[in-house]
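Spelled out from the first residue to the last, the chains are:
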Amino acid sequence: MQFFGGSDISPSPPAPTASGNNAHMIYVFNRNGVCLLYREWNRPLHTLNAQQDHKLMFGLLFSLKSLTAKMDPTSLDKGNLGVPQLPGQGCSFHSFRTNTYKLSFMETPSGMKIILITHPKTGDLRESLKYIYNLYVEYVVKNPIYTPGAPIRCELFNTSLDQYVRSIS
């Protein structure tokens, strides 16, 4: 199979590594859609520039959240498709899986969105996403030098995040 750059890509993902490094990338967006953090660990193919990639990912999340709220069989008040839901309001999704990756998602009450892309055979990552959020709170939010809404550039957070994400199996 060939993609944009003409590279030959296998439709099957690589087997999970023995070291447990099954994470491909992470995105952290604030409630306004600004990408505060983007990290890669295991992404062999780059098809878009970073800004396009971030917009595409945020748009995907916005659409999936709207769709799940609209399709909620338990709620009579569906609202309009595309109208943002408050965190915790209505039906939500936690992950989806393709043949080449798994996207795991968590939204905090403040509207922060954490997205972790991993190997498709990776299990439920809700607790892992909560742990990553706790790392963010400990090393970024409590840092007196950090300005809320600014890109995350805290070495202690980055180091802790790298160590933890590499241990996910």
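One can find the structure itself at the top, above this paragraph.
The following refers to the structure shown. Computed from a predicted structure; not experimentally measured. (Residues numbered from 1 in each chain as written. Predicted model: local features only at pLDDT ≥ 70, side-chain atom pairs only at ≥ 80, totals over all residues. Heavy atoms only, no water.)

### Some thoughts on the sheet that holds strand β1 (residues 23-29)
- Pairing is antiparallel in the open sheet, where 5 strands are placed in the order β2-β1-β5-β4-β3. Strand pairing shows two members of the sheet lacking a second neighbour, β2 (35-40) and β3 (95-97), which therefore form its edges. Within the sheet, the average angular offset between the axes of one strand and its neighbour, ignoring direction, is 10°.
- Examined bridge by bridge, β1 and β2 share 5 bridges and lie antiparallel to one another. Bridging from a neighbouring strand, Met25 pairs with Glu40 of β2.
- The strands touched by helix α1 (residues 50-70) within the sheet are β1, β2, β3, β4 (102-107) and β5 (113-118), with β1 carrying the most contacts at an inclination of about 75°.
- Lying on the sheet, helix α3 (residues 155-167) is in contact with β1 and β2; it crosses β2 at an angle near 45°. (Pairing = 2+ DSSP bridges. Helix = DSSP H or I, 4+ residues; strand = E, 2+ residues; numbered from the N terminus. Axes fitted to C-alpha atoms, helices over the stretch in contact; angles between N-to-C directions. Contact = heavy atoms within 4.5 Å.)

### Quick notes on the pattern of salt bridges
- A complete count under the given rule lists 5 salt bridges for this structure.
- With a shortest N-O distance of 2.8 Å, Arg39 and Asp162 are connected by a salt bridge. Taken as a pair, Arg39 in strand β2 and Asp162 in helix α3 lie far apart in primary sequence, 123 residues in all.
- The buried category is assigned to Asp162, whose relative accessible area is 17%.
- Lys130 is the salt-bridge partner of Glu127, the closest N and O atoms lying 3.4 Å from each other. With a gap of 3 residues between them, Glu127 and Lys130 both fall in helix α2 (residues 126-141), about one helical turn apart. (Salt bridge = Lys/Arg side-chain N within 4 Å of Asp/Glu carboxyl O. Buried < 20%, exposed > 50% of the residue type's maximum accessible area, 1.4 Å probe, protein only.)

### A look at the pairing of β1
- Burial of β1 is extensive: 7 of the 7 residues sit out of reach of the surface.
- Sheet analysis places β1 next to β5, joined by 6 bridges and oriented antiparallel. Across the sheet, residue Ile26 finds its bridge partner in β5, namely Leu116.
- The hairpin formed by β1 and β2 contains 5 residues between the paired strands, and Gly33 there has a positive phi angle of roughly 90°.

### Quick word on the side chain of His24
- For His24, the position within the fold is in strand β1.
- In this view, His24 contacts Arg39, Glu40, Trp41, Asn42, Arg43, Thr100, Tyr101, Ile117, Thr118 and His119; residues no more than four positions away in its chain are not counted.

### Digging into the nonpolar core
- Counting residues in each nonpolar core, the largest one holds 23 residues, and the members touching the most others are Ile26, Leu116, Ile152, Phe157 and Leu161.
- Among the secondary structure elements, those contributing two or more residues to this core are β1, β2, β5, α2 and α3.
- Looking at which element gives the most residues to this core, the answer is α2, with 5 residues.
- Every residue in contact with Leu116, bar those within four places of it in the chain, is listed here: Ala23, Met25, Ile26, Trp41, Lys102, Leu103, Ser104, Leu125, Leu129, Ile132 and Ile168.
- If you look at the next biggest cluster of nonpolar residues, it comprises 12 residues, including Met25, Phe58, Leu103 and Phe105. (Core = buried A, V, L, I, M, F, W, Y, C linked by side-chain atoms within 4.5 Å.)

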